[in-house]
Amino acid sequence: MSEERCAPMRLLIQADVDGELDAGQAAALAAHIEDCRSCAMKRADLFELSSRLRAEIPYHAAPASLRQAVEARIAASVQAAAPASERAVSRWFGALGALGARLRQGISFGAGFALAAGLALAFMLPRGSELAGDVIADHIRALQPGHLTDVVSTDQHTVKPWFNGRLDYSPPVKDLAADGFPLVGGRLDYLNGRPVAALAYRHAQHVIDLYVWPSESRADRTPSQGERNGYNYVHWADGGMNFWAVSDLNAAELRTFVDLWHSMRPRKI
Ligand SMILES: [Zn+2]
């Protein structure tokens, strides 16, 4: 068989071993291999090498810092695609695929494959409430410069009316400055399939985001607390509204914020 015809086949063989052939390419390669002993042997050798690499190269779990960096990237792209959750999911997988490809280039492909597969598995494990993940992802995105507030004001009488005409409900806005949690502003975000109000508060160096949107059920829910990737969150429902408070503040101080919010009635505006 001529070098002219075999050269392109070698690329297809490599792709075949990586499981990346489409149907047309697979047919072309199969037809070539039937007549070309050299390419058939090359393909068999590569498959054998690949399975040996997978079996013999030690598996290394990805470090937590890599996982966090990837999650943050994914969170950012999910937020960018927020209105279309399907698109968000496909980007999510795209990010994983791109990571796998990059790993494969840097590391021998057997080890890269194991690492990428391990990462994919880690991401596919149940992660508890998806909404908690979405809320934290949004909070992280908002911490980037210029993203925290659409309306900058420490005055609840400015922040609350700002949402008029931007949302189909009026979120309660409270200022907790006297208790050490000053309001710094508000913004519109997209969570749980709908536009929501996000209120930003500060406590020392920490930012607290409080997300508010109408709850489907009118039932109140007592606060439940959780932690993910170093961020604490408290979720509750009250007066027909869902509330999610998120911050890198420690759990006790975040809970103080929530208790203060609870105990203070919104003033009539
Ligand atoms: Zn050939």
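See the structure above.
Residues numbered from 1 in each chain as written. Predicted model: local features only at pLDDT ≥ 70, side-chain atom pairs only at ≥ 80, totals over all residues. Heavy atoms only, no water.

Asks: Account for the environment of R10, naming residues and giving values.
Replies: Along the chain, R10 falls in helix α1 (residues 3-17). The spacing of R10 and R43 is 33 residues in sequence and 8.3 Å in space, taken between C-alpha atoms. If we skip the residues at most four places from it in the chain, R10 touches E3 and K42. (Helix = DSSP H or I, 4+ residues; strand = E, 2+ residues; numbered from the N terminus. Contact = heavy atoms within 4.5 Å.)

Asks: So what's going on with the pattern of salt bridges? Residues and values would help.
Replies: Counted according to the given criterion, the structure contains eight salt bridges. Where R43 meets D16, a salt bridge forms, and the shortest distance between an N and an O atom there is 2.6 Å. In this pair, R43 sits in helix α3 (residues 37-56) while D16 sits in helix α1, placing the two residues 27 residues apart along the sequence. On the basis of relative accessibility, which here comes to 17%, the residue D16 falls in the buried class. Across the salt bridge formed by D138 and R187, the nearest N and O atoms sit 3.2 Å from each other. Separated by 49 residues along the polypeptide, D138 in helix α7 (residues 130-142) and R187 in strand β2 (residues 183-191) bring together distant segments of the chain. Each member of the pair, D138 together with R187, is buried. Overlapping salt bridges, with partners in common, bring together D138, R141, R187, D189 and D209 in one network. (Salt bridge = Lys/Arg side-chain N within 4 Å of Asp/Glu carboxyl O. Buried < 20%, exposed > 50% of the residue type's maximum accessible area, 1.4 Å probe, protein only.)

Asks: Kindly report on the coordination of the zinc ion, identifying the contributing residues and their values.
Replies: Note on the zinc ion: its protein donors are C6 (SG), H32 (NE2), C36 (SG) and C39 (SG). The metal-donor distances range over 2.1 to 2.3 Å. Considering all four donor atoms around the zinc ion, the spread of angles at the metal, 96 to 114°, places the coordination shape in the tetrahedral class. Written as a sequence motif, the donor arrangement for the zinc ion is C-x25-H-x3-C-x2-C. One end of the pair, C6, is in helix α1; the other, C36, is in the loop between α2 (23-35) and α3, and 30 residues separate them in sequence. Assessed through its relative accessible area of 4%, C36 is described here as buried. (Donors = N, O, S within 2.8 Å, 3.2 Å for Na, K, Ca; no water. Tetrahedral: all angles 85-135°; square planar, octahedral: opposite > 155°, others 65-115°.)

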